[in-house]
Amino acid sequence: MEYRVNDQTLQASVFLSFVNRIWPGEYDLEKTQAALSKTNNITAYDGGTLVGCLRILSDGYYFGTITELLVLPEYRRQGIGSRLLQLAADNSPSTLYFGAQPGVEAFYEKNGCLRGMPSYVIKKDRR
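Here the residue index of a chain counts from 1 through its sequence in written order. For this predicted model, a pLDDT threshold of at least 70 governs which residues receive local features, and a threshold of 80 or more governs which side-chain atom pairs are given and counted, while totals over whole chains, interfaces and linings are taken from all residues. Note that water and hydrogens are dropped before the side-chain values are worked out from all heavy atoms of the structure.

Asks: How should the pairing of strand β4 (residues 64-71) be read in this particular structure?
Replies: The side chains of a regular strand alternate, first on one face of the sheet and then on the other. A 1.4 Å probe rolled over the protein chains alone gives each residue an accessible area, and that area as a share of the maximum for its type sets the label: buried under 20%, exposed over 50%, partly exposed in between. Helix and strand definitions follow DSSP, with helices as H or I runs of at least four residues and strands as E runs of at least two, each counted in order from the N terminus. Within β4, 7 of the 8 residues are buried, leaving the element largely enclosed by the surrounding structure. Two strands make a pair as long as DSSP finds a minimum of two bridges between them. Where strand β3 (residues 49-58) lies against β4, 7 bridges are found, and the strand directions are antiparallel. Along β4, the bridge assignment pairs Arg 55 with Glu 68. Between β3 and β4, which pair antiparallel and follow one another directly, the connecting turn spans 5 residues, one of which, Gly 60, has a positive phi of 85 degrees. The sheet contact formed by β4 and strand β5 (residues 96-97) spans 2 bridges and is parallel. Each residue of the ladder has a partner; that of Gly 64, found in β5, is Leu 96. When the strands point away from the viewer, a crossover counts as right-handed if the path from the first strand over the helix to the second runs clockwise. Handedness of the crossover joining β4 and β5 through helix α3 (residues 80-91): right-handed.

Asks: Honestly, the packing of aromatic side chains in this entry has me stumped. Any pointers?
Replies: Centre distance and the angle of the planes are the two values used to describe a pair of aromatic rings. In summary, the pairing rule links any two rings of Phe, Tyr or Trp, Trp by its six-membered ring, whose centres are within 6.5 Å, and it sorts them by plane angle into stacked for under 30 degrees, edge-to-face for over 60 and tilted for everything else. For the coordinates displayed, the defined rule picks out 3 aromatic pairs. A centroid spacing of 6.3 Å and a plane angle of 45 degrees characterise the contact between Phe 15 and Phe 18, whose relative ring orientation is tilted. Residue Phe 15 and its partner Phe 18 are located together in helix α1 (residues 12-19), separated by 3 residues, close to a single helical turn. For the residue pair Phe 15 and Phe 18, the accessibility class agrees, reading buried in each case. When the centroid spacing of 4.5 Å and the interplanar angle of 80 degrees are considered together, the rings of Tyr 61 and Tyr 62 count as edge-to-face.

Asks: Where do I start with the pattern of salt bridges in this structure?
Replies: When their charged atoms lie close together, side chains carrying opposite charge are able to pair. Salt bridge, as applied in this entry: a Lys or Arg side-chain nitrogen positioned within 4 Å of an Asp or Glu carboxyl oxygen. Using the criterion set out here, one finds 5 salt bridges in the structure. Measuring nitrogen to oxygen at the nearest pair gives 3.9 Å for the salt bridge that ties Asp 7 to Arg 4. Among the residues examined, Asp 7 registers a relative accessible area of 3% and is labelled buried. Looking at Arg 4, the relative accessible area reads 27%, which means it is partly exposed. The closest approach of N and O atoms between Arg 21 and Glu 74, which form a salt bridge, is 2.3 Å. Of the two residues, Arg 21 sits in the loop between α1 and α2 (29-37) while Glu 74 sits in the loop between β4 and α3, which places them 53 residues apart along the sequence. Among the ionic contacts, a cluster of salt bridges with common partners joins Glu 2, Arg 4 and Asp 7.

Asks: Looking at this structure, I do not really get unusual backbone geometry. What am I missing?
Replies: Both trends apply: most residues other than glycine have a negative phi, and most peptide bonds are in trans. A positive phi angle, close to 55 degrees, is found at Asn 6, a residue other than glycine. Considering the arrangement of structural elements, one finds Asn 6 in the loop between β1 (2-4) and α1. Overall, the relative accessible area of 40% leaves Asn 6 in the partly exposed class. The residue Arg 77 is not glycine, and still its phi comes out positive at about 65 degrees.

Asks: Could you clarify how one ought to interpret α1 in this entry?
Replies: Side chains that are three or four residues apart share a direction in an α-helix, a result of its 3.6 residues per turn. Looking only at α1, the buried set comprises Ala 12, Phe 15, Leu 16, Phe 18 and Val 19. Buried residues in α1, looked at end-on, bunch into an arc of 160 degrees, giving them a common side. Directions pointing from the helix axis toward each C-beta atom define the arc.

Asks: When you look at the nonpolar core in this model, what are you seeing that I'm missing?
Replies: Soluble globular proteins tend to pack their nonpolar side chains together in the buried interior. Residues belong to a common nonpolar core when they are buried Ala, Val, Leu, Ile, Met, Phe, Trp, Tyr or Cys residues joined through side-chain atoms within 4.5 Å. Counting 29 residues, the largest nonpolar core has Phe 15, Phe 18, Leu 54 and Leu 84 as the members making the most contacts within it. In this description, contact between two residues means that some pair of their heavy atoms is separated by no more than 4.5 Å. When neighbours within four sequence positions are excluded, Leu 54 is seen to be in contact with Asn 40, Asn 41, Ile 42, Ile 66, Glu 68, Leu 69, Leu 84, Leu 85 and Ala 88.

Pasting the structure below:
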């Protein structure tokens, strides 16, 4: 497994092909590329195949958030998510805050993450 910290070579077409295997949707290629350029992308590749990705959005000092931690279903339970999380902790200049999907809290706690404040959402209509 090859891990890349701050993977600025990650292309939206590769990322969207990967994401659609986990969260199928209709994503805009151009907007996705712009989003990837604004985050620290920590990636895991098996050969040339993207199999895991964690994205950090940060102001570089006060605040950082993990926008998502995704691993392809067939690569789960192999330590990839744990390694991505550790690389995020090791390479972030700030404390990281994030929400967890229901049912995966044990994964984060097993990896040393502390429960924080409840999170809230302000939904944006993307039509």
